[in-house]
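Fold and contact review
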Amino acid sequence: MSRPRRRNKDTDAKLDRVPGPFTRFRRRHLRIVALSLIGLVLVAASFMQSTSAELLKQTLDANWRGDYDILVTAGGSTPLVDGESTLLSSSALTNAALGHIPSGQVAQVEGLDGIDVAAPIGEISTPTTGTSKVTLIVPLDNSNPGPRAYRATTQLSIDDGVTAPRTINGSVDFVVDQTQWEGFRQLADGEHVRIRASTTDGGTYAPAETDPNVGIDYYYSGYSSPRQPPPGEGIVMITLPVPAVETAHIVLVDAEAEKRLLGDAGDVMDPLIDTTSLIGTLGTNVYDPTDPDDRPVDGDDLQTLSEKGIVSNAAPVLTRTVETSPSALTVQLAPLDVPPSTLSGALTWNQTGDNSMLPPGPIEGATAGDAQTIYTGDPGDALSPLTFDTVDINWPGFTMPEQPSYARFPYFRPSESNILSMVTPMADSSVQPTTSTASIPDATGATDAHGAAPQVSLQSTSNDAGELQFNALSPILDRNSQPLDTVESEIWPVGSFTPQSLRGESTSLGQVGLGYDDPDPTVTNGSEQQILPPSWSGLGLNTSGALAIADLENASSWHVTDPVSSIRVRVAGIDGYTADAQARILDVANRIRDLGLTATVVSGSSLEAVPVSLLPPADETQGTEATDDSAQNAPTPEADERTAAPVVTLEYSRLGAAALASGGVSGTNLALLVMAIVAGTALLVAVQLSSIAARRTDSVVLRQIGWPRARIRRWLVAEEAIPLAILIVVGAATIALSAVREVTIPMVIISLGASLLTSALLIQRGAHPAAPPRLGHDAARAGKLRTPSRLGLRQAATSPATTVTLALAFTLVYLAAATAIAVLLTGRQAAGTSRLGAFATAQALVPQGILITVTIVASCVLIVVVRRLGLERRTAQLEALHAMGWQRTHLRKTAIAEVLSSAAPGLLAGAVFAVIGSVLLSPTAVLPAAGAGALTTIVVTAVVVRSSLRRR
């Protein structure tokens, strides 16, 4: 009988020695990857949220204010869209229907403390009759001596983009004598200049020379001089029956205040400021043709011409540049065979000094010869009554010599004035937009190009020969309640502007309408957006065809009292988008209201493109029928039919756009931050749960070497303390980087708590050795495992913890992707479609997109980690399958079946939760959210399957 062997203490010590917690943790490569990814997601979520919040703050500080903060209108008025308390039309600032502010109250507002700029604004409209915009230049070169008759016909084709294209046809018969020009001569008392042309519309035309200096010298008392210059090249300029834009709109501002209001763009007002002293004055000099210093030269401006005594009683204006022409012009000329008696009397004066004019209408008994087209083209802005531009058509075979720049001014043209020179002050009441809850379909039955019914509409006041009109003129009354008389006032453009030139970089996003800067409306034409041309009547939707800015000093020259419709107020001492700044603005607004005026706070606004339905007049019979056969407006026969309620896009100011943008972007940032932390925490828990099986396997070995269960628990606690400590450091960094710590701190605490509880479960379950697997009947198992797919399903069934954990992970991935898309879409809707809202959401999309990408990619990798943790326990099984001759194709099918057994339920559960959540919180995001979740889950599933194959 042998003696029992004595145990070696050194051997026992070696058996008790196991790797320390740091060594064990360092060997858990997949666990380290998972923890690193969780840390990346948490820190990235906090950093990206803070970055987006800082970008938003910078954007709002720079753009939340436009040129002014408060719009002041007459007491009891509201400039906002009826039924929509946050939309403001720029035309409301000059709308006479809202009333006017008395001059005394204007002074009171300007004198309030805390105001940086108070800029009043009003508008005067006037008919534009009596302007000569299209002329026929006939040479007096003896080519056709003696009186001869002709007929000029004009056709102006107009297409305003929303109603049927139409034409304005005109015709005038005239008699002209092209006998050789004899030059100017001294006139005796009572003698008149020889008439060389007369027309059937009452026009009579004296001869002139192509050199404008000779003509101005003669008409400034030169006709009394016995010494006249030798004859030059003689011409006569006949006005053709082509109308100018029928109504001009002159916006009146305080040029000095307007310059301060516009800030960086204020230099556009300098020409008005420089010429204010010339308004309504007769000048201090009398033009002397014999004084060389008085003679005009190329480049002379209004100031210089006034000093030389040529121009007086001027009204300097800035004209709006018209970029889209609404018309095409064709002019034809035909000779007429008329009775000799008609020719002989057409160019003679009677004893009363009045011309024996040709009778109105076509010359009786005239027979027209073959017509010749002498002009066809786009007149551009030449038909605006507020520009010196004209369409001058040369007589066939004649070319007008090049003229100096001042020849386009009315004082040097041998024809009627080519610019508005008579002002009949009238008030313009524009239709206020209204909202409608009913759909307004177009001719095809659709609500608009995007399938959504426009909520804003404008009901036209009349349908004038096919043009919908949205403005109505009414007389301005004097103190005796009588309409103001027509005033002679020479409108004189001294500069021009475009809406774009009025936008400073600091106000491009937060701008609010100025009252004269409306962008041209657009209308959908097929798949393209077409700019709506200016209205020909000047009373249609787009009034830019005859729009100008003038100084308020003109009002007294035109005998208009209280011309101010509104005051735009900018508050002093505002630095950024802060609560203090908003309180300052509200204080000034309340003090303005105490004066009995309406004060609308417009800071924080931004322009927004709004679909607007143009409704026909309430009574379609209000359309005006043409009665003049020679100049009628009629739709062209070949024109396509247009709907009576077309939809156009207008830009209105959206009040509170800054608050909407702030709320939308901040809400999205916050929701994505919470989503990222929740997703990261949930996947960390999934990784920890997947580690339980491995810990139970370790416990089997430790029990075999004699470790009690309490020691195993301590062993597991020591290892779990390390990732928990790392997670605490990551949480602290997340909180330090966060801009919303009131949200981040509780979320980090929840994340740490969840990890701690899962670690406790891991320790408790991991300390219990795993039970050996129970094997079924060999024959039965052989029947069940005839295909690789069945083996995959069997493995999923025999590892329920791993399968359920993977299914939950796939559900979380689906929900994370769906939530991200739903949050983005909801945030964009909440931020609004204003310029500021669109810019803020687009700017935030970069950090938000990075955060979503990091979260989804990290989630994908973590699912791969969970899958690989399960595969690590099957190394012997996989080696046995390889030894049995299983090919890669068999293993792929096994992996696909096992992964799908988790992915399919996860995808289904994720879809159910995502759809329910979207329906409750954001119904419009249901389809995009569900689609994004499904696509992401499918991609992650493919990645997990591929990773499983690489593992095997």
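Being a predicted model, the structure only gives us computed values, none of them experimental.

Our next topic: the overall build of the chain. Helix and strand counts for the chain come out as 22 helices and 33 strands. Put simply, of all contacts in the chain between residues at least 6 apart along the chain, 83% involve residues at least 24 apart. Only carbon and sulfur atoms are counted for the fraction: they give 56% of the accessible area of the chain, which is about 42,600 Å².

With that settled, the discussion passes to the side chain of Asn-463. Looking at where Asn-463 falls in the secondary structure, it is placed in strand β21 (residues 462-464). At 3.4 Å, the side chain of Asn-463 forms a polar contact with the backbone nitrogen of Glu-467.

This part takes up the packing of aromatic side chains. Each pair of aromatic rings is reported with the distance of its centres and the angle of its planes. Under the criterion given, the structure shown has 11 aromatic pairs. On the basis of an interplanar angle of 35° and a centroid distance of 6.2 Å, the ring pair of Tyr-411 and Trp-492 is categorised as tilted. Here Tyr-411, found in the loop between β16 (391-394) and β17 (422-423), pairs with Trp-492, found in strand β25 (residues 490-497); they are 81 residues apart in sequence, far enough to count as distant. Taken together through their ring pairs, the aromatic side chains of Phe-388, Phe-409, Tyr-411 and Trp-492 make up a single cluster.

Scanning the model with the defined rule gives 19 salt bridges in all. When the shortest N-O distance is used, the salt bridge between Arg-166 and Glu-467 registers 3.5 Å. You can see Arg-166 sitting in strand β6 (residues 166-177) and its partner Glu-467 sitting in strand β22 (residues 467-469), a full 301 residues away along the chain. Judged by its relative accessible area of 3%, Arg-166 falls in the buried class.

We now examine the environment of Leu-825. Within the element layout of this structure, Leu-825 appears in helix α18 (residues 800-831). Sequence spacing of Leu-825 and Ala-925 is 100 residues, and the spatial spacing of their C-alpha atoms is 6.6 Å. Leave out the neighbours within four places in its chain, and Leu-825 touches Ala-925 and Pro-928.

Our focus in this paragraph is a nonpolar patch on the surface. On the surface, Leu-908, Val-912, Ile-916, Leu-920 and Leu-921 cluster together to form a nonpolar patch covering roughly 560 Å² of accessible area. Judged by relative accessible area, which is 42%, Val-912 ranks as partly exposed.

What follows concerns the UniProt feature "transmembrane region" (unreviewed entry) in the chain. On the UniProt side, "transmembrane region" (unreviewed entry) is annotated at positions that read residues 30-48, 670-694, 715-737, 743-763, 804-825, 845-866, 895-920 and 926-945 here. Helix and strand shares over residues 804-825 are 100% and 0% respectively, and the end C-alpha atoms of the span are 32 Å apart.

This paragraph deals with helix α5 (residues 212-219). The buried count for α5 comes to 7 of 8 residues, which makes it a mostly enclosed element. Those residues of α5 that sit buried are Pro-212, Asn-213, Val-214, Gly-215, Ile-216, Asp-217 and Tyr-218. Buried-residue contacts for α5 involve β9 (208-209). Between the side-chain oxygen of the N-cap and the backbone nitrogen of Asn-213 there are 3.1 Å, and the N-cap of α5 in question is Asp-211.

Our next topic: the side chain of Ser-603. Looking at the element boundaries, Ser-603 is found in the loop between β30 (598-601) and β31 (606-615). Of the residues examined, Ser-603 reaches a relative accessible area of 12% and is grouped as buried.

This paragraph deals with the sheet that holds β9. Hydrogen bonds between backbone groups are what pair the strands of a sheet, and the pairing can be parallel or antiparallel. Spatially, the 4 strands line up as an open sheet ordered β9-β10-β4-β16, and their pairing is mixed. Lying at the two open borders of the sheet, with one neighbouring strand each, are β9 and β16. Relative to strand β10 (residues 234-239), β9 runs antiparallel, the two being bridged by 2 bridges. By the bridge assignment for β10, Glu-209 is matched with Gly-234.

Before going further, it helps to spend a moment on the nonpolar core. Formed by 53 residues in total, the largest nonpolar core has its most connected members in Ile-70, Ile-491, Trp-558, Ile-567, Val-569 and Ile-592. Among all residues touching Val-569, those that are not within four sequence positions of it are Tyr-68, Asp-69, Ile-70, Val-72, Val-109, Ile-115, Val-117, Ala-118 and Ile-592. Membership of the second largest hydrophobic core comes to 49 residues, among which are Met-48, Leu-673, Val-730 and Val-864.

Across the chain, pLDDT averages 80, with 84% of residues at or above 70. Taken as a whole, residues 438-454 scores under 50 in pLDDT and shows 24 contacts with residues more than four places along the chain or in a different chain. Contacts of residues 776-783 to residues separated by more than four positions or lying in other chains number 3 contacts, the stretch itself having pLDDT below 50.

What follows deals with unusual backbone geometry. Its identity is not glycine, yet Asn-142 carries a phi of approximately 70°, on the positive side. Topologically, Asn-142 is positioned in the loop between β4 (134-139) and β5 (147-158). For Asp-562, which is not glycine, the phi torsion reads 50° and is therefore positive. Examined against the element boundaries, Asp-562 turns out to sit in the loop between α10 (554-557) and β29 (564-571). What makes Asp-562 partly exposed here is its relative accessible area of 34%.

Bringing helix α6 (residues 255-262) into the picture now. Residues of α6 that are buried: Ala-255, Ala-257, Glu-258, Leu-261 and Leu-262. Angularly, the buried residues of α6 cover 160° about the axis, an arc narrow enough to put them on a single face. Among the residues trailing α6, Gly-263 stands out with phi positive, at a value near 65°.

Here we come to the environment of Trp-536. As for its placement among the helices and strands, Trp-536 is situated in the loop between β27 (528-531) and β28 (547-551). Between the C-alpha atom of Trp-536 and that of Ile-158, which follows or precedes it by 378 residues, the distance is 8.0 Å.

Here is what the cut-offs are and how they apply
Residues numbered from 1 in each chain as written. Predicted model: local features only at pLDDT ≥ 70, side-chain atom pairs only at ≥ 80, totals over all residues. Heavy atoms only, no water. Helix = DSSP H or I, 4+ residues; strand = E, 2+ residues; numbered from the N terminus. Contact = heavy atoms within 4.5 Å. Areas by Shrake-Rupley, 256 points an atom, 1.4 Å probe, with all protein chains shown as cover. Polar contact = N/O pair within 3.5 Å; in protein donor to acceptor, adjacent residues only side chain to side chain. Phe/Tyr/Trp six-rings, centres within 6.5 Å; stacked < 30°, edge-to-face > 60°. Salt bridge = Lys/Arg side-chain N within 4 Å of Asp/Glu carboxyl O. Buried < 20%, exposed > 50% of the residue type's maximum accessible area, 1.4 Å probe, protein only. Patch = residues over 30% accessible without salt bridge, like charges linked within 9 Å, V, L, I, M, F, W, Y side chains within 5 Å. UniProt positions renumbered as here; feature names shortened; annotations may be inferred. Pairing = 2+ DSSP bridges. Core = buried A, V, L, I, M, F, W, Y, C linked by side-chain atoms within 4.5 Å. pLDDT = per-residue confidence, 0-100. Arc of directions from axis to C-beta.

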